[in-house]
Amino acid sequence: MRLWLCWLGCYTLLLWVLRRTMWVGPARYLRSPLSRSLYVNMMGSHRQPAPGARENHQWYVCNTEQLSESLQPIFIQSYLDQGTQIFLNNSIEKSGWLFIQLYHSFVSSIFSLFMSRTSINGLLGRGSMFVFSPEQFQRLLKINPEWKSHRLLDLGAGDGEVTKVMSPHFEEIYATELSETMIWQLQKKKYRVLGVNEWQNTGFQYDVISCLNLLDRCDQPLTVLKDIRSVLEPTRGRVILALVLPFHPYVENGVHKS
């Protein structure tokens, strides 16, 4: 309890310093999400309005002329839909929950001594990934809401929130994950969790395999791609691959990162 009060006092002092020295639009210079949240909450009347729908649509602008001639005809333009807007609104609302942010920051500072950030997020029930809404997923695969297939494999599924978007279209849903707390989150959602060295050797094939923001987080990305090809259904199988560019590998393993 004393440690918590001491920690809270330090943040309060930091907040007071920010208020005294940074009156006009400095939040963008604060690196810590908690510091930004604290500052925005304290400034109150100085808060800038959230970007409107028109500004958000700019996130999806893509210059297709930069794509190769073979890719241009099959490029699918995404868009800001209702599902995405709901996710953004919820994220903005949660970022303003001051005491929740304080609690998360305190727990993270303690558990980071022996747990990875991914595992801490799984423990706290935060850090969910958003890649596409249900409508965007259907548009990407060119399917209708009633479309069904047999098996889905979501590699590196995290807490399963993206898996949940895809799951209504499949009879069997499999997932992989390294973090024990994220595995716990997946099991709570009733997904079948396979070991990272198990999914390649189950003896059956998958109709859709998703590999979302994973290749730059594993130490053998080419091996993962080869394994995906070996277990994908050869006639109708599809791979959904998401990768942040430019490619900057960052492998997280416990508290050791490389």
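Since the model is a prediction, treat every value here as computed from it, not as a measurement.

Student: Give me the lowdown on the pairing of strand β4 (residues 208-212), citing residues and values where you can.
Tutor: Counting buried residues along β4, five of its five residues qualify, which places the element largely inside the surrounding structure. Of the two faces of β4, the one carrying V208, S210 and L212 and the one carrying I209 and C211 are both buried. In the sheet, strand β1 (residues 149-155) pairs with β4 via four bridges, with the strands oriented parallel. Bridge pairing links L155 to C211 in β4. Examined bridge by bridge, β4 and strand β5 (residues 238-242) share five bridges and lie parallel to one another. Bridged to V208 within β5 is R238. Between the parallel pair β4 and β5, the chain is carried across by helix α10 (residues 221-231), and the sense of this crossover is right-handed.

Student: Which residues make up unusual backbone geometry, and what values go with them?
Tutor: Here the residue pair L245 and P246 is connected by a cis peptide bond, since its omega of 0° sits within 30 degrees of zero. Secondary-structure assignment places P246 in the loop between β5 and β6 (252-253). Positive phi, close to 55°, is recorded for K142, a residue that is not glycine. One can find K142 in the loop between α7 (134-141) and β1. Note on K142: relative accessible area 68%, which makes it exposed. Of note, N213 is a non-glycine position whose phi angle comes to about 55°, a positive value. Take N213: it is sitting in the loop between β4 and α10. Overall, N213 belongs to the partly exposed group, its relative accessible area being 29%.

Student: So, the sheet that holds β1: which residues are in play, and what are the values?
Tutor: One open sheet holds the five strands; their spatial order is β3-β2-β1-β4-β5, and the pairing between them is parallel. Every interior strand has two partners, whereas the edge strands, β3 (192-194) and β5, have only one. The sheet shows a mean angle of 20° between the axes of neighbouring strands, taken without regard to direction. Of the pairings in the sheet, the one linking strand β2 (residues 170-176) to β3 comprises three bridges and is parallel in character. Opposite T176, over in β3, you have L194 as the bridge partner. Against the sheet, α10 makes contact with β1, β4 and β5, and its axis sits at roughly 165° relative to β4, the strand it touches most.

Student: Outline the pattern of salt bridges, supporting the account with residue identities and numerical values.
Tutor: Taken as a whole and judged by the stated rule, the model has six salt bridges. The shortest N-O distance in the salt bridge between R236 and D207 comes to 3.0 Å. Of the two residues, R236 sits in the loop between α10 and β5 while D207 sits in the loop between β3 and β4, which places them 29 residues apart along the sequence. Exposure remark for R236: the relative accessible area of 51% places this residue in the exposed category. A relative accessible area of 3% places D207 in the buried class. For E233, the salt bridge goes to R236, with nearest N and O atoms at 3.8 Å.

Student: How would you sum up the packing of aromatic side chains? Please name residues and give values.
Tutor: Taken as a whole, this structure holds six aromatic pairs when the rule is applied. Taken together, a centroid distance of 5.3 Å and an interplanar angle of 35° make the contact between F132 and F137 tilted. Accessibility expressed as a relative area gives 6% for F132, which makes it buried. For the pair Y174 and F204, a centre-to-centre distance of 5.3 Å together with 40° between the ring planes defines the contact as tilted.

Reading the values: rules and limits
Residues numbered from 1 in each chain as written. Predicted model: local features only at pLDDT ≥ 70, side-chain atom pairs only at ≥ 80, totals over all residues. Heavy atoms only, no water. Buried < 20%, exposed > 50% of the residue type's maximum accessible area, 1.4 Å probe, protein only. Helix = DSSP H or I, 4+ residues; strand = E, 2+ residues; numbered from the N terminus. Pairing = 2+ DSSP bridges. Right-handed = clockwise from strand over helix to strand, strands pointing away. Axes fitted to C-alpha atoms, helices over the stretch in contact; angles between N-to-C directions. Contact = heavy atoms within 4.5 Å. Salt bridge = Lys/Arg side-chain N within 4 Å of Asp/Glu carboxyl O. Phe/Tyr/Trp six-rings, centres within 6.5 Å; stacked < 30°, edge-to-face > 60°.

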